[in-house]
Amino acid sequence: MNGQFELRERYAAVLRQINDACALANRSPDSVRLLAVSKTFSAAEVLALAQLGQRAFGENYLQEALPKMASIHAERPDLPLEWHFIGPIQSNKTRPIAESFAWVHSVERLKIAERLNDQRPAGMPALNVCLQVNVSAEASKSGCAPEEAANLAGAIAMLPNLRLRGLMTIPEAAADPSLHSRRFAVLRRLFEELRARGLALDTLSMGMSSDLQTAIAEGSTMVRVGSAIFGTRATKLA
Ligand SMILES: *Cc1c(COP(=O)(O)O)cnc(C)c1O
């Protein structure tokens, strides 16, 4: 459990890192959004961070996220929190994702996008999605291949109940920061290519606790940060 004081300090430190990285890259500080990744952390911890002003939260596991979101909403129905799904998606789990989230960062197949589109409830705004791309050329990692991205993005952009916002990636774990820098640069080039083809994309979801400055230097517009804000995760869930 984290004290509110530590949470405040860590949150302030992450906001400072984002600002500093923007300044170094000659970018405006409001060109990067912070997504607080709350997987494995409690509803009380999410509420404590919301109390400090954070509004966008990311979750990976539906079984964990749905009851947490429900209890937070029950306690503070007035808080306009924005929930992002960032974990792997099984096709039999698309309905609750389409019903409960504002964003999905981890779309990697057209079939999943089509199900989310079909299952997005009428009357809700279009579901914001990012196409997850595997820029690490590693069979074990999720995400579509960079060569498939243009076709997939074109098809997803046609779905009326989804709004394709951009691209997301999780580079392989690497001790060498220059490797992540190269991976992020690949995603950014792909993003620029898709925009040049006419897709109205505005989001590059890249960078986590350990590499957010590198990601911002390479053009990230949304960093997904968990442990640097909430502290070390107690479980081994990645
Ligand atoms: C867990 C997770 C994060 C946050 O990781 P930290 O290293 O704790 O910042 C970001 N993105 C995804 C997809 C994750 O699963």
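As a reminder, the structure under discussion sits directly above these lines.
Our subject in this report is the structure included herewith.

Once that is clear, we can look at the packing of helix H2 (residues 43-51) against helix H3 (residues 62-75). At a minimum axis distance of 9 Å, the contact between H2 and H3 shows a crossing angle of 50°. On the basis of the axis angle, H2 is oblique to H3. At the point where H2 passes H3, the crossing takes the right-handed sense. Contacts between H2 and H3 involve Ala43, Val46 and Leu47 from the first element and Lys68, Ser71, Ile72 and Glu75 from the second. Classifying every residue of the contact of H2 with H3 gives 4 nonpolar, 1 polar and 2 charged.

Attention now goes to the packing of aromatic side chains. Here the distance between the centres and the angle between the planes together describe a pair of aromatic rings. The full count for this structure, using the stated rule, is 3 aromatic pairs. For the pair Phe57 and Trp83, a centre-to-centre distance of 5.7 Å together with 35° between the ring planes defines the contact as tilted. Of the two residues, Phe57 is situated in strand S2 (residues 56-59) and Trp83 in strand S3 (residues 82-85); the sequence distance between them amounts to 26 residues. Here the two residues Phe57 and Trp83 agree in accessibility, since each one is buried. Note on Phe85 and Phe101: the rings are 5.3 Å apart at their centroids and 80° apart in plane angle, and the pair reads as edge-to-face. Residue Phe85 is found in strand S3, and its partner Phe101 is found in the loop between helix H4 (94-100) and strand S4 (103-107); the two are separated by 16 residues along the sequence.

What follows deals with the packing of helix H1 (residues 4-24) against H2. Following both chains from N to C, one finds H1 and H2 inclined at 55°, their axes separated by 10 Å at the closest point. Viewed along their axes, H1 and H2 adopt a mutual orientation that is oblique. Crossing angle aside, the handedness with which H1 passes H2 is right-handed. Contact with H1, carried on its side by Gln4, Leu7 and Tyr11, involves Glu45, Ala48, Leu49 and Gln51 of H2 and no other residues of that element.

Turning our eyes to something else, we now look at helix H5 (residues 110-119). Think of an α-helix as 3.6 residues a turn; residues three or four steps apart then line up on the same face. Every buried residue of H5 is listed here: Ile112, Ala113, Leu116, Asn117 and Gln119. Looking at the buried positions of H5, the neighbouring elements they touch are H4, S4, strand S5 (127-132), helix H6 (149-157) and strand S6 (162-168).

Taken together, 13 residues form the shell around the ligand, and within it Lys39, Asn60, Ser209, Ser227 and Arg233 come nearest. Here the residues of the shell around the ligand are counted per class, giving 6 nonpolar, 4 polar and 3 charged.

This part is about the pairing of S6. In regular strands, side chains alternate between the two faces of the sheet. With respect to burial, S6 is a largely interior element, 6 of its 7 residues being buried. Bridge analysis of S5 against S6 gives 6 bridges, and the strand direction is parallel. Bridge pairing links Asn128 to Arg163 in S6. Pairing between S6 and strand S7 (residues 203-205): 3 bridges, direction parallel. Of the residues in S7, the one forming a bridge with Met168 is Ser205. Taken together, S6, helix H7 (residues 177-196) and S7 constitute a β-α-β crossover, and its handedness is right-handed.

Procedures and definitions
Along each chain, the written sequence defines residue order, and numbers are assigned to residues from 1. Local features in this predicted model are restricted to residues of pLDDT 70 or higher, and side-chain atom pairs are both shown and tallied only at a pLDDT of 80 or more, whereas totals for entire chains, interfaces and linings draw on every residue. To get the side-chain values, take all heavy atoms of the structure and skip hydrogens and water. All axes are obtained by fitting lines to C-alpha atoms, using only the stretch in contact for helices, and the reported angles, taken between N-to-C directions, cover 0 to 180 degrees. Helix and strand labels come from DSSP, where a helix needs a run of H or I of at least four residues and a strand needs a run of E of at least two; each type is numbered from the N terminus. For classification, angles of less than 35 degrees are called roughly parallel, those exceeding 145 degrees roughly antiparallel, those between 65 and 115 degrees roughly perpendicular, and all remaining angles oblique. Helix crossings get a hand from a simple test, with the near helix turned counterclockwise from the far one by less than a right angle marking a left-handed crossing and a clockwise turn marking a right-handed one. Whether two residues are in contact is decided by their heavy atoms: any pair within 4.5 Å suffices. Three classes are used, and their members are as follows: Ala, Val, Leu, Ile, Met, Phe, Trp, Tyr, Cys and Pro are nonpolar, Asp, Glu, Lys and Arg are charged, and the others, Gly among them, are polar. Note on aromatic pairs: the rings of Phe, Tyr and Trp (six-membered ring only in Trp) are paired at centre separations within 6.5 Å, and the planes decide the class, stacked below 30 degrees, edge-to-face beyond 60, tilted for the rest. Type-normalised accessible area, obtained with a 1.4 Å probe on protein chains alone, sets the label of each residue: buried when under 20%, exposed when over 50%, and partly exposed for intermediate values. Put simply, a residue is near a molecule or strand once any heavy atom of it comes within 4 Å of that molecule or strand. The rule for pairing is simple: two strands pair if DSSP sees at least two bridges between them. We call a crossover right-handed when, viewed with the strands running away from us, the connection from the first strand over the helix to the second turns clockwise.

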